[in-house]
Amino acid sequence: MTATILQYLFYMALLVGLAFPLGLYITKVMNGERIPGVSKVLTPCENLIYKVMRVKADEQMGWKKYLLSVVLFNLFGFLLLFLLCLCQGFLPFNPQHIEGNSWHLAFNTASSFMTNTNWQAYSGENALSYFTQFMGLTVQNFVSAATGIAVLFAFIRGLIKVKSQGLGSFWVDLTKIILYILLPICLVMTVLLVSQGVAQSFAPAETVDLLEPIAVDSEGNILEDAVIDGDKVLVEGAVVEGAVIVRKQIVPLGPAASQISMKQLGTNGGGFYGVNSSHPLENTTPFSNMLEMLALLVIPVALCFTFGRGVKDKRQGRAIFLAMFLMLAAFLAVIAVNEQAATPQLAQNGAVDLSNIQQAGGNMEGKESRFGIASSATWASWTTAASNGSVNSMHDSYTPIGGMITMLQMQLGEVIFGGVGCGLYGMLAFAILAVFIAGLMVGRTPEYLGKKIEPYEMKWAVLVCLATPIGILVGSGIAAAVPGVMESLNNAGAHGFSEMLYAYSSAGGNNGSAFAGFNANTPFLNVSIGLVMLFARFLPITGILASAGSMIQKKKLATTAGTLSTSNGLFIFLLIFVVLLVGALSFFPALALGPLAEFLGMTA
């Protein structure tokens, strides 16, 4: 048990240790400071891009022009990916001769990757060509992540500038983020993953001989106790008619490592293969597992420290970081304890020892034995805290409370670090809400970082905070009333409801993970989930940029003895309370029908 606790502490400490210097580097990049060894190589490339695109490096956009640039750029990316999915059967780099997707699957996939959600209603090795993967999905992994970070920095400028109009240029921000931040880190990570054996090839899938043949019945079910005698299959000495002996296996290849590195770093999460990072060619070794897991949160954590430097008050960045970190640690502890304790059914009234240090113990269903509970629980917590969604275990097999926490972290708005950029600006909206509530309690006009918070900013902050709950609850409520959705569930009862609720929570939180077994590839689910993803992405972006456009025109108020501190322990507690309160009020009834009902039924 001590070794397990040390493993959790090591992961958390390493994450923060890597994020702190990265936050300083991001600050220097976005401030236009010269970076030794980097600027000399990349600045000429940056200037060339501006020249080709006819972009003015010193342009200052108002919030409406900045928003329009964001929308038009993402609309172009959506249409391009939509067409790639439809037409991939006629395009190159398709050695498996995979046909184009249906219109509704193409719509869902394009919406998913453009919104940084990476929800997948398909299995990558069976549904997408190499060309669609690296020219469509990987490109969107970069630009969707860069969009979130760019909007964050526009908001930061709104907070720090006084009596101004311009939030910077979206095109300049996008170029800097991709060129100086995402590309270099992604290149290093890709090389490291390839060194661990992660696939990176344009070769077609290979067919290899199995070391041990297996037998399946006529319906494709594996016969566990079968004895293979030549061409016959025997079970308890009797020949099984219609049984098939499988002696070969198809090993999917493709340019996976380059996509995997960016899917993790950009909190995208879309797997190159269907089972995501539990696939042995997508996540090959304990080192690749740790590397990919750290990449889940390293940029979102780093941006907290960047924020403190950006507003010229490091205490503000530390306060936001601590609020997120404390919630992450608490939720991780709940998942870890429940997965290690497992369920009464697994314990079989004490007949099975779930705590023996000589074995994995706990709930190992749906988890890779090579990773164990600690790495699986940490990954599950971090990937749903971030709007990432990649998995190295199947959340559908977690205990009711363990699965509920993964769901709840998404339902809170993906603000426990959250996605790159979007997680932090989502938490800042909660900070504005907390300041407003505190102002009402003490009878003072609310302020944040010296800027007065007025009704205009409050209305947008509330919409930003409620965008995720609205998308999730409306989407899942409509789905629950559609009879055909029941056919997509892998389970009945409370757990079946949890599968559907998780799907819309994942879409509304721009996360992308799923309870395994939920068949989302139907016209209704593809379209409805796609619309929820679009709503939950662009309403907050609109609200944050509108607030930035308002606050940048305000004067800076002097700090007095009556000014509410937004960097002390009391405010951190208030911020956590507001985040949890919004989540609890919004989702307790739905969680009571799903995971909580399942937990009570299990313990009964």
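Only a predicted model underlies this, so the values are computations on that prediction, with no experimental measurement involved.

Attention now moves to the side chain of N118. Inspection of the secondary structure puts N118 in the loop between helix 4 (103-114) and helix 5 (124-127). Its relative accessible area of 1% is what places N118 among the buried residues. Here N141 takes part through its side chain, which lies 3.0 Å from a polar atom of the side chain of N118. The residues contacting N118, other than those within four sequence positions of it, are S112, F113, N141, N268, G269, G270 and G512.

Take helix 15 (residues 455-480) next. Taking 1.5 Å per residue as the helical rise, helix 15 with its 26 residues ought to reach 38 Å, and the 36 Å between its terminal C-alpha atoms agrees with that figure. Taken as a whole, helix 15 carries its principal kink of about 45° at L466; the proline P469 stands between one and four residues after it.

What follows is about the nonpolar core. Membership of the largest hydrophobic core comes to 177 residues, with the highest contact counts inside it found for L182, F307, I320, W382 and Y448. Looking at this core element by element, the count peaks at 17 residues for helix 6 (residues 130-160). Excluding anything up to four places from it in sequence, Y448 contacts L159, F307, Q316, I320, L428, A431, I432, V435, I453, M551 and T566.

Another point: the confidence of the model for the chain. When pLDDT is averaged along the chain, the result is 91; 99% of the residues meet or exceed 70. Here helix 11 (residues 344-347) is the element of the chain with the lowest mean pLDDT, 78, and helix 3 (residues 63-87) is the one with the highest, 97.

Before going further, it helps to examine the sheet that holds strand 4 (residues 238-239). Strand order in the open sheet formed by three strands is 2-3-4, with antiparallel pairing between adjacent strands. The sheet terminates laterally at strand 2 (227-229) and strand 4, the two strands that pair on one side only. Of the strand pairs in this sheet, strand 2 and strand 3 (residues 232-235) are connected by three bridges, and their pairing is antiparallel. Counterpart to D229 in the pairing with strand 3 is K232.

With that out of the way, let us pick up the environment of L18. Mapping L18 onto the fold places it in helix 1 (residues 2-30). Classification of L18 by relative accessible area gives partly exposed; the value is 41%. Filtering out sequence-adjacent residues up to four positions away, L18 remains in contact with L294 and V298.

Turning our attention to a nonpolar patch on the surface. Taken together, the side chains of V462, L466, I470, V474, I478 and F535 make up a nonpolar region of the molecular surface, amounting to roughly 440 Å² of accessible area. Residue position: F535 is located in helix 17 (residues 523-551). You can call F535 partly exposed: its relative accessible area is 32%.

Successive residues of a regular strand alternate their side chains across the two faces of the sheet. In textbook terms, the turn of a hairpin is the stretch between consecutive antiparallel strands, and for strand 2 and strand 3 this stretch comprises two residues, one of which, G230, has a positive phi near 65°. Here two bridges tie strand 3 to strand 4, and the two strands are oriented antiparallel to one another. Among the inter-strand pairings, L234 is bridged to a residue of strand 4, identified as V239. Counted between consecutive antiparallel strands, the loop separating strand 3 from strand 4 contains two residues, among which E236 sits at a positive phi close to 55°.

Right, let's get into the packing of helix 2 (residues 39-53) against helix 7 (residues 170-195). For any two helices packed against each other, the geometry comes down to the angle between their axes and how far apart the axes lie. In the contact formed by helix 2 and helix 7, the axes pass within 11 Å of each other and the chain directions differ by 145°. Like other packed secondary-structure pairs, helix 2 and helix 7 cross with a definite hand, here right-handed. Counting all contacts with helix 2, which are made through L42, T43, C45, E46, I49, Y50 and M53, the residues of helix 7 involved are W171, V172, T175, K176, L179, Y180 and P184. Considering only residue class, the contact of helix 2 with helix 7 consists of ten nonpolar, two polar and two charged.

Moving on to the pattern of salt bridges. Tallied over the full model, the rule gives eleven salt bridges. In this structure, E33 and K28 form a salt bridge, with 3.5 Å as the shortest nitrogen-oxygen distance. On the basis of relative accessibility, which here comes to 35%, the residue E33 falls in the partly exposed class. The class for K28 is partly exposed, based on a relative accessible area of 30%. When the shortest N-O distance is used, the salt bridge between E457 and K554 registers 3.4 Å. Of the two residues, E457 is situated in helix 15 and K554 in the loop between helix 17 and helix 18 (569-593); the sequence distance between them amounts to 97 residues. What emerges from the salt-bridge pattern is a single network uniting E454, E457 and K554.

Basis of the calculations
- Residues numbered from 1 in each chain as written.
- Predicted model: local features only at pLDDT ≥ 70, side-chain atom pairs only at ≥ 80, totals over all residues.
- Heavy atoms only, no water.
- Helix = DSSP H or I, 4+ residues; strand = E, 2+ residues; numbered from the N terminus.
- Buried < 20%, exposed > 50% of the residue type's maximum accessible area, 1.4 Å probe, protein only.
- Polar contact = N/O pair within 3.5 Å; in protein donor to acceptor, adjacent residues only side chain to side chain.
- Contact = heavy atoms within 4.5 Å.
- Expected span 1.5 Å × (residues − 1).
- Bend = angle between axes of the 7 residues up to and from the residue.
- Core = buried A, V, L, I, M, F, W, Y, C linked by side-chain atoms within 4.5 Å.
- pLDDT = per-residue confidence, 0-100.
- Pairing = 2+ DSSP bridges.
- Patch = residues over 30% accessible without salt bridge, like charges linked within 9 Å, V, L, I, M, F, W, Y side chains within 5 Å.
- Areas by Shrake-Rupley, 256 points an atom, 1.4 Å probe, with all protein chains shown as cover.
- Salt bridge = Lys/Arg side-chain N within 4 Å of Asp/Glu carboxyl O.
- Axes fitted to C-alpha atoms, helices over the stretch in contact; angles between N-to-C directions.
- Left-handed = near helix turned anticlockwise from the far one by under 90°.
- Nonpolar A, V, L, I, M, F, W, Y, C, P; charged D, E, K, R; others polar.

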